[in-house]
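Here is how the chains run, residue by residue.
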Amino acid sequence: MTRQFDKSRLPSRHVSVGPERAPHRSYYYAMGIQEEDIAKPFVALASAGNNSAPCNTTLDAQADAAQGGVIRGGGLPRRFNTITVTDGIAMGHQGMKASLVSREVIADSVELSVRGHCYDALVGFAGCDKSLPGMMMAMLRLNVPSIFVYGGSIMPGRYQDRDVTVVDVFEAVGQHAAGNCPLHDLIALEKVACPGHGACGGQFTANTMACVAEAIGLSLPNSNMMPAPFLDRQGIAEAAGEQVMELIARNIRPRDICTREAFENAARVVAATGGSTNAGLHLPAMANEVGIDFDLFDVAEIFKTTPYIADLKPGGRYVAKDMYEAGGAYMLMKTLLEGGYLHGDCLTVTGKTLAENIDEVTWNPDQKVIYDVKTPITPTGGVVGLRGTLAPEGAIVKVAGMKRLQFEGVARVFDCEEEAFAAVEARAIMEGSVIIIRYEGPKGGPGMREMLSTTAALYGQGLGEKVALITDGRFSGGTRGFCIGHVGPEAAEGGPIALVEDGDVIRIDAEAGTIDLDVAEDILAERRARWSPRMNDYQSGVLWRYAQNVGPAHQGAVTHPGARSERHVYADI
């Protein structure tokens, strides 16, 4: 028997119930929908699918599969798509300025489609770095019953009897520039590094945020680490479609799930997996949608006390497929919960608590990817927050797999990534340098570009931990080495990073959490008096509009006030 729902409390009543909605219903009849189906809850199935890159190519099929689950649960599925900007293709040129901006466009476009058509629930499908947080931000903003589904990771490539990812290709570019990788080897590697569908294979941003989705409670247990090519992903999509109907029936909403404690759980999982520094940007942005104060410093405090226990690339040995075979995010969370690092009473989309979900998992002592918290890889997290005279509003660095946690050197200053990359390619960067790449922040870029091309080239030249790189922009989740991003205030706002000159001494201590510019205050005052704002090249269009609205990185680089300023919540219209 089909479950019956009372539409009097659901948003779709505004387009489907009563004589005055006859014109609205006529459109549904035009699409072949029957009267009894119009009476059901309308469930949005939002896909970021496209053929721009392999991370997105399976999403539409998964969203289509979810329709069956919605129908079985008593709902009417409504499919639509949003955009994606794929970082791996946008990397290393002006296209990367579009990447972080796309997070806001994704959240906004999903919100607009759901609002405009009065959908009652949302199942969101995403597979690339900014589409994951963008989709979850929309869920939290709308606050209709929602489930997030990750498209899944790519399988590892194989080259010279070892697993490889796209980061190996980026680093091989640096090796080629250094004369250590013949062109024919580089070409051979690029052809096998990405063997099929799915997001980048290491614990880069997409897989980090996929783990976040499970830890924060918006995804079904152990649904996100399964690789994209696995046929069982269709079953996960169907299960999500059916389960969202249960959430409608029980009126369980994203803000019931994503509490302050749930955000702390998510930050724990980021640190424990040596995840992407971009989580330090996306978690505050998601928290803004709920009205929770959870900025970079809150994230960093969690990182400080979290053991690093997942041996994942880029700092470790394994890829997402190995994490899935080891038991996935829930295997990791089982040992974290037993160690007292998680809030087990947080609600999840199963309708059960995190602890109840974890109780169904049996620890696997034979797998090699996830360590017990009693015997961690390192006792503190793989990602560290920094603060000091160079970054009063904070900065972030991934230390997973690094041997050197302190660095002192002299500054080499560049006012954009292209200038820095040209110097790296020309082998003009000396050991002991602290490379400064500035005017790449949210406003100054605009768009806060990632710097994987530059950092990978440094690593490929053997300079990975022999230099440091500091930017008000971002780093890819695939970056490794002493690379510090999100420095605030950014250069465009006149932050200390704008005042650095070649030859200045900079001290970094990732253990103490400090980053300092060793220049006398009177000299800085003189420089500050001479400084004036710079005009970027984007004085119209979406990048101009973004620069006018975006806030500081430590608060998530968001473009609106968030739930604190709400006068109404969409789910209650």
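Quick note: structure is the one above.
Asker: Give me the side chain of Glu-264: which residues, what numbers.
Answerer: On the secondary structure map, Glu-264 appears in helix α13 (residues 260-272). For Glu-264, a relative accessible area of 17% puts it in the buried group. Ignoring anything within four residues of it in the chain, the contact list for Glu-264 reads Phe-294, Ile-302 and His-343.

Asker: Before we move on, could you go through the environment of Arg-449 and cite the residues and values that matter?
Answerer: Within the secondary structure, Arg-449 is located in the loop between β10 (433-437) and α20 (452-460). Sequence-wise, Arg-449 and Glu-417 are 32 residues apart; in three dimensions their C-alpha atoms are separated by 8.6 Å. Not counting chain neighbours up to four residues away, the residues in contact with Arg-449 comprise His-93, Gln-94, Met-96, Lys-97, Cys-416, Glu-417, Glu-418, Glu-440, Gly-473 and Arg-474. Within polar-contact distance, the side chain of Arg-449 engages the side chain of Glu-440 at 2.5 Å.

Asker: Residues and numbers for the pairing of β10, please.
Answerer: Burial of β10 is extensive: 5 of the 5 residues sit out of reach of the surface. Because side chains alternate across β10, one face comprises the buried residues Ser-433, Ile-435 and Ile-437, and the other comprises Val-434 and Ile-436, equally buried. Relative to β10, strand β9 (residues 406-414) runs parallel, the two sharing 5 bridges. Counterpart to Arg-412 in the pairing with β10 is Ile-435. As defined by bridge partners, β10 adjoins strand β11 (residues 468-471) across 4 bridges and the pair is classed as parallel. The residue bridging Val-434 from the neighbouring strand is Ala-468, located in β11. Note that the unit made of β10, α20 and β11 has a crossover that is right-handed.

Asker: Residue-level account of a nonpolar patch on the surface, with values.
Answerer: On the surface, a cluster of nonpolar side chains totalling about 200 Å² of accessible area is made up of Ile-83, Val-105 and Val-542. You can see Val-542 is positioned in helix α22 (residues 541-549). Residue Val-542 is classed as partly exposed on the basis of its relative accessible area, which comes to 41%.

Asker: Which residues make up the sheet that holds strand β2 (residues 76-81), and what values do they have?
Answerer: Overall, parallel pairing links the 4 strands, which are arranged β2-β1-β3-β4 in an open sheet. One side of each edge strand has no neighbouring strand; the edge strands of this open sheet are β2 and β4 (146-150). When strand polarity is set aside, the average angle formed by the axes of neighbouring strands in this sheet is 20 degrees. Judged from the 5 bridges that link them, strand β3 (residues 121-126) and β4 form a sheet pairing that is parallel. Among the inter-strand pairings, Val-123 is bridged to a residue of β4, identified as Ile-147. Strands β1 (42-47), β2 and β3 of the sheet are contacted by helix α6 (residues 97-117), whose axis makes an angle of about 145 degrees with β2. Sheet strands touched by helix α11 (residues 232-250): β1, β3 and β4. Its angle to β4, the strand with the most contacts, is close to 170 degrees.

Asker: Now, about unusual backbone geometry: what can you tell me, with residues and values included?
Answerer: For the peptide bond that leads from Gly-445 to Pro-446, omega is -15 degrees, which places it in the cis range. As for its position among the elements, Pro-446 is in the loop between β10 and α20. Cis geometry marks the peptide bond from Gly-488 to Pro-489; its omega dihedral reads 0 degrees. A positive phi is found at Asn-222, a non-glycine position, where the angle reads about 50 degrees. Summarising the element assignment, Asn-222 is placed in the loop between α10 (205-216) and α11. A positive phi is found at His-486, a non-glycine position, where the angle reads about 65 degrees. We classify His-486 as buried; its relative accessible area is 1%.

Asker: So, the state of the cysteines: which residues are in play, and what are the values?
Answerer: A full pass over the atoms with the stated rule returns 0 disulfides. For the unlinked cysteine Cys-181, the closest cysteine sulfur is that of Cys-194, found at 16 Å. Not part of a disulfide, Cys-258 finds its nearest cysteine sulfur in Cys-346, a span of 9.2 Å.

Asker: Could you give an account of the packing of α6 against α22, naming the residues involved and the relevant values?
Answerer: It is at 11 Å that the axes of α6 and α22 come closest, and there the two elements cross at 70 degrees. Between α6 and α22, the angle falls in the class roughly perpendicular. Here α6 runs over α22; the crossing is left-handed. Facing Lys-97, Leu-100, Val-101 and Glu-104 of α6, the residues of α22 in contact are Val-542, Leu-543 and Tyr-546. Partitioned by chemical class, the residues of the contact of α6 with α22 number 5 nonpolar, no polar and 2 charged.

What counts and how
- Residues numbered from 1 in each chain as written.
- Predicted model: local features only at pLDDT ≥ 70, side-chain atom pairs only at ≥ 80, totals over all residues.
- Heavy atoms only, no water.
- Helix = DSSP H or I, 4+ residues; strand = E, 2+ residues; numbered from the N terminus.
- Buried < 20%, exposed > 50% of the residue type's maximum accessible area, 1.4 Å probe, protein only.
- Contact = heavy atoms within 4.5 Å.
- Polar contact = N/O pair within 3.5 Å; in protein donor to acceptor, adjacent residues only side chain to side chain.
- Pairing = 2+ DSSP bridges.
- Right-handed = clockwise from strand over helix to strand, strands pointing away.
- Patch = residues over 30% accessible without salt bridge, like charges linked within 9 Å, V, L, I, M, F, W, Y side chains within 5 Å.
- Areas by Shrake-Rupley, 256 points an atom, 1.4 Å probe, with all protein chains shown as cover.
- Salt bridge = Lys/Arg side-chain N within 4 Å of Asp/Glu carboxyl O.
- Axes fitted to C-alpha atoms, helices over the stretch in contact; angles between N-to-C directions.
- Disulfide = S-S within 2.5 Å.
- Parallel < 35°, antiparallel > 145°, perpendicular 65-115°, else oblique.
- Left-handed = near helix turned anticlockwise from the far one by under 90°.
- Nonpolar A, V, L, I, M, F, W, Y, C, P; charged D, E, K, R; others polar.

So yeah, pure geometry; function would need other evidence.
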